[in-house]
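Overview (structure and organization)
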Amino acid sequence: MSAVLPRPPVLPGPLEWLRTNLFSNLPNAILTVVALYLLWKFVPPFVNWAFIDAIWQAPSSKPCRDAAGASACWAFITEKHRFILFGTYPYEEHWRPGASTLLFFALYAVSAMRRFWAPRLALVWLVGLALIGILMWGGVFGLRYVENERWGGLVLTLILATFGIAFAFPLSILLALGRRSEMPAVRSVCVVYIELIRGVPLISLLFMASVMMPLFLPSGMTVDKLLRAQIALIMFAAAYLAEVVRGGLQAIPRGQYEAAEALGLSFAKRTALIILPQALKISIPPLVNTFIGLFKDTSLVVIIGLFDLLLALKTALNEPAWIGFGAEAYLFASLVYFIFCYAMSQYSQMLERDLARGPTVGALKDT
Amino acid sequence: MTENAARPAPQETMIEILGVSKWFGDFQALKNISLRVGKGEKIVVCGPSGSGKSTMIRLINRLERHESGRIMVDGIEVADDVKAIEAIRREVGMVFQSFNLFPHLTVLENLVLAPFWVRKTPKWEAEAIARQLLARVRIPEQADKYPGQLSGGQQQRVAIARALAMRPKVMLFDEPTSALDPEMIKEVLDVMVELAEEGMTMVVVTHEMGFARTVADNIVFMDQGEIVETGTPKEFFAAPKTDRAKLFLSQILGH
């Protein structure tokens, strides 16, 4: 019998912590000093510019010009926020895209909660999206009709991203399953689709959607610009997502397929009940990675003249009074994108922790 | 196969394998196999590794596809027809060497899944049956755990219960104890012996000769894709007819 030793102290004092973490050896100590110097050099001036000396509100750009770059001109954002958020949507109707944005947030919040994951959720989305459609287009219930050429700003970004993910994700699952199909025709169609779309920049897809698609449509038939861009985004994202999903499918041991088959489950049920839940769970990090990419890629629709958040900002910047406040404008845009992407990232990590119920190592180690 | 007159031949045929061959690429895994399993009969299949015994039982529920010959299970031919295959799989339970429980579902959900989705048993009824089965394999308290939280022996007993939840007419066991630590083998074999005593038709691929001796009506010895010898345990262990069987028995019982 060996003597039971007390466990060594886990938490050292602050000085000890400094020594082990920041000054453990000479290179480490040098790096620490350099990092501290850089922080001291850049952080306080930025805080001064962005917060302490910043001009938050001003009737015109004059005070900002007078400050000559020493203070951030958030007044630009304050002044122009309606245009940035709602684009060219008729000014007196701004409450409609505003309400639509809030509706989107509500839909995201409800869908994020696992206890609402049920077929009924699809119904909630249908109702929510119908409401958003009514609000945005109008033409009924005494709302003025607003053609979607005039939609813009944040709500347009949300529309493109939400529909993009909502349609691309199911499509990608079908593509991934198709690529693993034993039927050669199905498999080749999926492979060609994925490789073709993945091998082309999104910008060129958007151009094709806006310039070439009308050429192929029968004369007299038009698909509006927003829908065309949306289709291009969905097609593009689906190709990427399909490969992510396929990666997840490949990680599922053969025994899982066999056990499901041996129980008499049909292909559809095997896939829906056994394979996909496991495959999608392990694919969460790369899936969210692609979702985040798609969200930011929506900003590329500017090149075909859709008025999303970024183009609205740019246009606001073109106003003679506010020319030259690009730093503030793009910082603001970055902040907005960051909030959405960071929320997705945090949510996915929460979901992963939540789904990692019980150690599954034992069940998988056999393969 | 008709030479074993030692036991009364079972009246009804459950599984009939007739002149079946199977190739993997150019390799012929099974060579003109024929075997009849009567209702309630317990067959133990043994033989050296690579002899085709797993392949043979995997043909019965179409986890592998045979290239020639015929297989009938409870009157239905095992062929390409998906509906027929699913009908056979409903009646044939299978237990794998590597358990293959569904790790994302609880033990109870593992048991309820197939009866609910395939047999359309109401959920409450499927759950009641599942709990009975878990009690029968002596792990009722594990119902709400996930497979990854159980020991190997417990997982394999859940796997047996999962197969039984479909009320199968036949149970196939593909080396059910080979992946287990020695101290867990007995708890799984005990469950299988009980099942045999209740009259289940069983085809078991195993190296557990003690189990074969006590449970099997007939032992099928396979080597190099052929059924070399068939006989009652008494005949097979006391006086194997072929040299290959003698060699195999000396290797497996010698240590």
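The present account deals with the structure reproduced in this document. (Residues numbered from 1 in each chain as written. Chains lettered and ligands numbered in written order. Predicted model: local features only at pLDDT ≥ 70, side-chain atom pairs only at ≥ 80, totals over all residues. Heavy atoms only, no water.)

The subject of this paragraph is the interface of chain A and chain B. Each partner contributes residues to the interface: chain A has 27 residues there, and chain B has 26 residues. Buried surface at the junction of chain A and chain B, summed over both partners, amounts to about 2,400 Å²; 62% is from carbon and sulfur atoms. Between chain A and chain B we count two salt bridges in total. Residue A:E258 is joined to B:R58 by a salt bridge in which the shortest nitrogen-to-oxygen separation is 2.6 Å. (Contact = heavy atoms within 4.5 Å. Buried area = accessible area lost by both parts, 1.4 Å probe. Salt bridge = Lys/Arg side-chain N within 4 Å of Asp/Glu carboxyl O.)

All right, on to the sheet that holds strand β3 (residues 42-46) of chain B then. Residue and element names in this part refer to chain B. Spatial ordering of the open sheet is given by β6-β7-β8-β3-β9-β10, a layout of six strands whose pairing is mixed. Either end of the sheet is taken by a strand with one partner, and the two such strands are β6 (92-95) and β10 (226-231). Taken pair by pair, the neighbouring strands of this sheet meet at an average axis angle of 15°, ignoring direction. Sheet analysis places β3 next to strand β9 (residues 218-223), joined by four bridges and oriented parallel. Across the sheet, C46 pairs through a bridge with F221, a residue of β9. Where helix α2 (residues 82-91) meets the sheet, it contacts β6 and β7 (170-174), and its direction lies at approximately 70° from that of β6. Across the sheet, helix α9 (residues 243-253) is in contact with β3, β9 and β10; its angle to β9 comes to roughly 100°. (Pairing = 2+ DSSP bridges. Helix = DSSP H or I, 4+ residues; strand = E, 2+ residues; numbered from the N terminus. Axes fitted to C-alpha atoms, helices over the stretch in contact; angles between N-to-C directions.)

In this section: helix α12 (residues 267-282) of chain A. The end-to-end C-alpha distance of α12(A), which contains 16 residues, comes to 21 Å, matching closely the 22 Å that a straight helix rising 1.5 Å per residue would cover. Along α12(A), the largest kink reaches about 45° and is centred on A:I275; proline A:P277 follows within four residues of it. Restricting attention to buried positions, one finds in α12(A) the residues A:R270, A:T271, A:L273, A:I274, A:I275, A:L276, A:Q278 and A:A279. The elements touched by buried residues of α12(A) are α7 (154-179), α10 (225-250) and α11 (254-262) of chain A together with α2 and α3 (107-117) of chain B. (Expected span 1.5 Å × (residues − 1). Bend = angle between axes of the 7 residues up to and from the residue. Buried < 20%, exposed > 50% of the residue type's maximum accessible area, 1.4 Å probe, protein only.)

Turning to the packing of aromatic side chains, a few remarks are in order. For the structure on display, the rule yields 19 aromatic pairs over all chains. Seen from their ring centres, A:F46 and A:W49 are 6.0 Å apart, and the 40° between their planes marks the pair as tilted. Note that A:F46 and A:W49 are positioned in helix α2 (residues 26-52) at a spacing of three residues, about one turn of the helix. Residue classification places A:F46 among the partly exposed residues on the basis of a relative accessible area of 41%. Relative accessible area serves as the criterion here: at 17%, A:W49 is assigned to the buried category. Ring plane angle 50° and centroid distance 5.1 Å describe the contact between A:F236 and A:Y240, whose orientation is recorded as tilted. Note that A:F236 and A:Y240 are positioned in helix α10 at a spacing of four residues, about one turn of the helix. Within the aromatic cluster, the residues linked to one another by ring pairs are A:F104, A:F105, A:Y108, A:W125, A:F295, A:Y337 and A:F340. Above the plane of the ring of B:F102 lies B:R162, whose end atom (NZ or CZ) is 4.5 Å from the centre. When the ring centre of B:F237 is taken as reference, the NZ or CZ atom of B:R213 above it lies at 4.3 Å. (Phe/Tyr/Trp six-rings, centres within 6.5 Å; stacked < 30°, edge-to-face > 60°. Lys NZ or Arg CZ within 6 Å of the ring centre and 35° of its normal.)

Residue and element names in this part refer to chain B. Between α3 and helix α4 (residues 123-136), the least distance of the axes is 9 Å, while the angle of their chain directions is 130°. In terms of orientation, α3 and α4 fall into the oblique class. Relative to α4, the crossing made by α3 is right-handed. Within the contact between the two elements, α3 uses V107, L108, L111, V112, P115 and F116 and α4 uses K123, A126, E127, A130, R131, L133 and L134. Looking at the contact of α3 with α4 residue by residue, the class counts come to 10 nonpolar, no polar and three charged. (Parallel < 35°, antiparallel > 145°, perpendicular 65-115°, else oblique. Left-handed = near helix turned anticlockwise from the far one by under 90°. Nonpolar A, V, L, I, M, F, W, Y, C, P; charged D, E, K, R; others polar.)

Mapped onto the fold, A:K80 is located in helix α4 (residues 75-86). The contacts of A:K80, once residues within four sequence positions are left out, are A:A316, A:E319 and A:W322.

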